[in-house]
Amino acid sequence: MSYFSCFPQVWVLDANTRKHLCYLDKVEPYSTVGDIKSLFHKSYPHWYPARQALKLDPKGKVLRDDEILQNLPVGTVATMYFKDLGPQLGWTTVFLAEYIGPLLTYLLFYFRVPYTYSHSYVLTSSPHPAVTRACVCHSFHYMKRLMETIFVHRFSHGTMPLRKIVRNCAYYWGFSAWLAYYINHPLYTPPSYGELQVNCAIVVFVICELGNFSIHLTLNDLRGDGARCKSYPVPTRNPFTWLFLFVSCPNYTYEVGAWVSFSVMTQSLPVVFYTILGFVQMSIWAKGKHKAYGREFKDYPRLRMSIIPLIL
Amino acid sequence: VSASSTSSSKTGSRAKLNIYCKIDRKCARWLVIAVGLVRAYIARGSYHGLYYSIEKPLKFFQTGALLEILHCAVGIVPSSVVLTGFQVMSRVFLTWAVTHSVREVQSEDSVLLFVTAWTVTEIIRYSFYTFSLLNHLPFLIKWARYTFFFVLYPMGVTGELLTIYASLPFIQKTGLYSVTLPNKYNFSFDYYTFLILVMLSYIPIFPQLYFHMIRQRKKVLGHIEDYSKVE
């Protein structure tokens, strides 16, 4: 075999039209799919690597960035099919966009800026202490999320397509506006059991927020610098992490707890709907994560459920 | 033929027989409604107020159609869960939440319009499923299923929209199914606005369903046309 035939060549075709888009010759055999994407990007500057999906078969699975060309089932001439995933945004940008909305829209209703309620109530404030406390809790919740996005979370490669982000933002922003409308309404009815109900709910809320934060820190430490975790999360000295004894995703458990306590605090049906929807979505995510842990770690504790101890 | 394949084909055909009976019954029910309509028309000599003659069977069968979503989900019936679910939900909504709830609307001609459209559609559709399961599908039924919708869909949608529109003034006057502030659970719901939103939702949704059926038609009947060209 001559020296030159050791270097694979790569053809990149469009997955839909089969048009020849790019020819790369003398590609290093140990280069990854990610390297090929970078090379492709040079020929087509507007298709940055995060936007590219490369496959070996037009209808097949998308190749991961870390796959090595040498290990793929191709000969000396590799044919890859390209699909444009559309504009992408990094995870940090995504979360910032999603969380800034609820924070601000709620405050718009709390301060009753013009056009939120009828003209006679413009820039008034509610006489009920429950309303002010609810505002503090809600704002704290989203400020905490924003801080975590900036300082705590370490996101994997990932990006998200623009369309999905628009849909997610509509969900977050829309729901928080709907909740805020009722809680800060001039005709708001405070909780039936008064101060007792509100204060108990606040205590539970704070516990859940602290718990959620502790779990995020723990998961963060676990990740270290690598993308893949070496072991599954376990309880630490922090009592909030002891929930790991019972569930795989205690961060979601605490999150649901926070929203349940917020529902009790405000005694508002729209908040209950939002809590239920959030619970359903987080249960789906938790179940997925739980299954993934079980598959990856053979000695995964059997007592653990995905989101609700002993139940789900 | 191995033992395992015969046992699996036995359970497969048992399930098929079960579904065949269910679909056959559904077909018969819609025929009941159709016959009821025709008889009442002959008896009264006009088509006004025919709703009352088929009110009970319509409610019963339409609500029973909720089972059909389950059949789609399990995969026994070859239809998409989302599309069927959507269609059944909208029909149950029209039957109970609009026509039944607002008495004044029941004598409207628009009610007859959508009931007729639904009846004809369902008879053809269930015959189609029945014959498909028996693996003996007459071309006429297949053709009818994928052609009649050109008229029946718009007819049904017009009837539905006109009925909802007719119910609006009564709902606004009586505040039906509406909740206002203040109340203990800090929630409000305006059924009038909700119905207007439902009517508006027909604008994006109806074309999608209509073009979906047109595409299905090309796929199913298109082969026949090619065949005849070859010959």
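Residues numbered from 1 in each chain as written. Chains lettered and ligands numbered in written order. Predicted model: local features only at pLDDT ≥ 70, side-chain atom pairs only at ≥ 80, totals over all residues. Heavy atoms only, no water.

## A look at the overall build of chain A
Then, number 1: From N to C terminus, chain A includes seven helices and six strands.
Then, number 2: In terms of C-alpha radius of gyration, chain A reaches 25 Å, well past the compact-globule figure of 20 Å for 312 residues.
Then, number 3: Reported as C-alpha extents along the three principal axes, the dimensions of chain A are approximately 85 × 50 × 30 Å.
Then, number 4: By residue count, 43% of the 312 residues in chain A fall in the buried class.
Then, number 5: The long-range fraction of contacts in chain A, counting pairs at least 24 apart against all pairs at least 6 apart in sequence, stands at 72%.
Then, number 6: Accessible surface for chain A amounts to roughly 17,300 Å². Of this, 66% is attributable to carbon and sulfur atoms.
Then, number 7: Counting 30 positive and 18 negative side-chain charges, chain A places the centres of these two groups 5 Å from one another. (Helix = DSSP H or I, 4+ residues; strand = E, 2+ residues; numbered from the N terminus. Rg over C-alpha atoms; globule rule 2.2 N^0.38 Å. Buried < 20%, exposed > 50% of the residue type's maximum accessible area, 1.4 Å probe, protein only. Contact = heavy atoms within 4.5 Å. Areas by Shrake-Rupley, 256 points an atom, 1.4 Å probe, with all protein chains shown as cover. Lys, Arg positive; Asp, Glu negative; His and termini not counted. Charge placed at Lys NZ, Arg CZ, Asp CG, Glu CD.)

## Let's talk about the layout of surface pockets
Residues and elements named next belong to chain B.
Then, number 1: Taken as a whole, the second largest pocket encloses approximately 910 Å³ of empty space.
Then, number 2: Contributing to the lining of the second largest pocket are 40 residues, with L83, Q87, R91, Y153 and L209 lying nearest its centre.
Then, number 3: When residues of the lining of the second largest pocket are traced back to their parent elements, those giving at least two are α4 (81–100), α5 (109–133), α6 (139–145), α7 (149–174) and α8 (191–230).
Then, number 4: The greatest single-element share of the lining of the second largest pocket, amounting to 10 residues, is contributed by α8.
Then, number 5: The residue makeup of the lining of the second largest pocket, split by class, is 25 nonpolar, 10 polar and five charged. (1 Å grid on protein atoms, 1.4 Å probe; cavity = no way out; pocket = protein on both sides within 12 Å on 5 of 7 lines; lining within 4 Å. Points joined across faces, edges and corners; volume = space filled by probe spheres on them. Nonpolar A, V, L, I, M, F, W, Y, C, P; charged D, E, K, R; others polar.)

## Some thoughts on the pattern of salt bridges
If the charged atoms of two oppositely charged side chains come close together, the side chains can form a pair.
Then, number 1: If you walk through the whole model with that rule in mind, you get nine salt bridges over all chains.
Then, number 2: Note that D84 of chain A is salt-bridged to R51 of chain A, the shortest N-O span being 2.8 Å. Here R51 of chain A lies in the loop between α1 (33–43) and β3 (52–55) and D84 of chain A lies in strand β4 (residues 77–84), a separation of 33 residues in the sequence.
Then, number 3: For R51 of chain A, a relative accessible area of 17% puts it in the buried group.
Then, number 4: The partner of R91 of chain B in a salt bridge is E122 of chain B, and the shortest N-O contact between them spans 3.2 Å. Of the two residues, R91 of chain B sits in helix α4 while E122 of chain B sits in helix α5, which places them 31 residues apart along the sequence.
Then, number 5: Note on R91 of chain B: relative accessible area 6%, which makes it buried.
Then, number 6: Taking the relative accessible area as the measure of exposure, E122 of chain B reaches 2% and is therefore buried.
Then, number 7: Bridged by salt links that share partners, the residues K144, E148 and E209 of chain A form one connected network. (Salt bridge = Lys/Arg side-chain N within 4 Å of Asp/Glu carboxyl O.)

## Some details on the interface of chain B and chain A
Many descriptions give the size of an interface as the accessible area lost when the pieces come together.
Then, number 1: On the chain A side, the residues contacting the eight residues of chain B number 13 residues.
Then, number 2: Of all residues in chain B, the largest losses of buried area upon contact with chain A belong to L181, N186 and F187 of chain B, amounting jointly to 58% of the total for that side.
Then, number 3: The interface formed by chain B and chain A holds zero salt bridges in total.
Then, number 4: The interface formed by chain B and chain A contains six residue pairs in polar contact (both at pLDDT 80 or more).
Then, number 5: Considering only residue class, the side of chain B that touches chain A consists of four nonpolar, three polar and one charged. (Buried area = accessible area lost by both parts, 1.4 Å probe. Polar contact = N/O pair within 3.5 Å; in protein donor to acceptor, adjacent residues only side chain to side chain.)

## Describing the side chain of N212 of chain A
Then, number 1: Looking at the secondary structure, you find N212 of chain A in helix α5 (residues 194–223).
Then, number 2: In this structure, N212 of chain A is in contact with K144, E148, N251, Y254 and E255 of chain A, ignoring residues within four places of it in sequence.

## Re the pairing of strand β1 (residues 9–14) of chain A
All names here are of chain A.
Then, number 1: Where β1 meets β4, six bridges bridge the pair, whose relative direction is parallel. Paired with W11 across the strands is T79, a residue of β4.
Then, number 2: As paired elements, β1 and strand β2 (residues 20–24) share four bridges and run antiparallel to each other. By the bridge assignment, L13 is partnered in β2 with H20. (Pairing = 2+ DSSP bridges.)

## A word on the pairing of β4 of chain A
Then, number 1: As paired strands, β3 of chain A and β4 of chain A are joined by four bridges and run antiparallel to one another. Note on β4 of chain A: the bridge partner recorded for L54 of chain A is F82 of chain A.

## Side note on the UniProt feature "transmembrane region" (unreviewed entry) in chain B
Residues and elements named next belong to chain B.
Then, number 1: UniProt's feature table lists "transmembrane region" (unreviewed entry) at residues 65–90, 146–171 and 191–211, given in the numbering used throughout.
Then, number 2: Counting secondary structure, residues 146–171 comes out at 88% helix and 0% strand; the distance between its end C-alpha atoms is 37 Å.
Then, number 3: The span residues 191–211 shows a helical share of 100% and a strand share of 0%, and its end C-alpha atoms are spaced 30 Å apart. (UniProt positions renumbered as here; feature names shortened; annotations may be inferred.)

## Description of the environment of L24 of chain A
Residues and elements named next belong to chain A.
Then, number 1: Its place among the elements puts L24 in strand β2.
Then, number 2: Here L24 falls in the buried class, since its relative accessible area comes to 10%.
Then, number 3: Apart from residues lying up to four places away in sequence, L24 is in contact with Q9, V10, I36 and L39.

## Digging into the confidence of the model for chain B
Residue and element names in this part refer to chain B.
Then, number 1: Overall, the prediction assigns chain B a mean pLDDT of 79, with 77% of residues at 70 or greater.
Then, number 2: Confidence, expressed as mean pLDDT per element, reaches its minimum in chain B at helix α1 (residues 3–44) with 65 and its maximum at α7 with 93.
Then, number 3: Segment residues 1–8 is flagged for pLDDT under 50; beyond a separation of four residues in sequence, or across chains, it makes one contact in the model.
Then, number 4: Here the predicted complex carries an ipTM of 0.72, next to a pTM of 0.75. (pLDDT = per-residue confidence, 0-100.)

## Thoughts on the nonpolar core
Proteins that are soluble and globular tend to have nonpolar side chains buried together.
Then, number 1: Counting residues in hydrophobic clusters, the biggest one holds 40 residues, and the most contacted among them are W30, L58, L94, I164 and L195 of chain B.
Then, number 2: Listing elements by their share of this core, those giving two or more residues are α1, α2 (51–64), α4, α5, α7 and α8 of chain B. (Core = buried A, V, L, I, M, F, W, Y, C linked by side-chain atoms within 4.5 Å.)

## Considering the packing of α5 of chain A against helix α6 (residues 250–266) of chain A
Residues and elements named next belong to chain A.
Then, number 1: Contact pair α5 / α6: the axes reach a minimum separation of 8 Å and the direction vectors enclose 160 degrees. Overall, the two elements α5 and α6 adopt an arrangement that is roughly antiparallel. Note on packing geometry: the crossing formed by α5 with α6 is left-handed.
Then, number 2: Of the residues that constitute the contact of α5 with α6, the class distribution is 14 nonpolar, seven polar and two charged. (Axes fitted to C-alpha atoms, helices over the stretch in contact; angles between N-to-C directions. Parallel < 35°, antiparallel > 145°, perpendicular 65-115°, else oblique. Left-handed = near helix turned anticlockwise from the far one by under 90°.)

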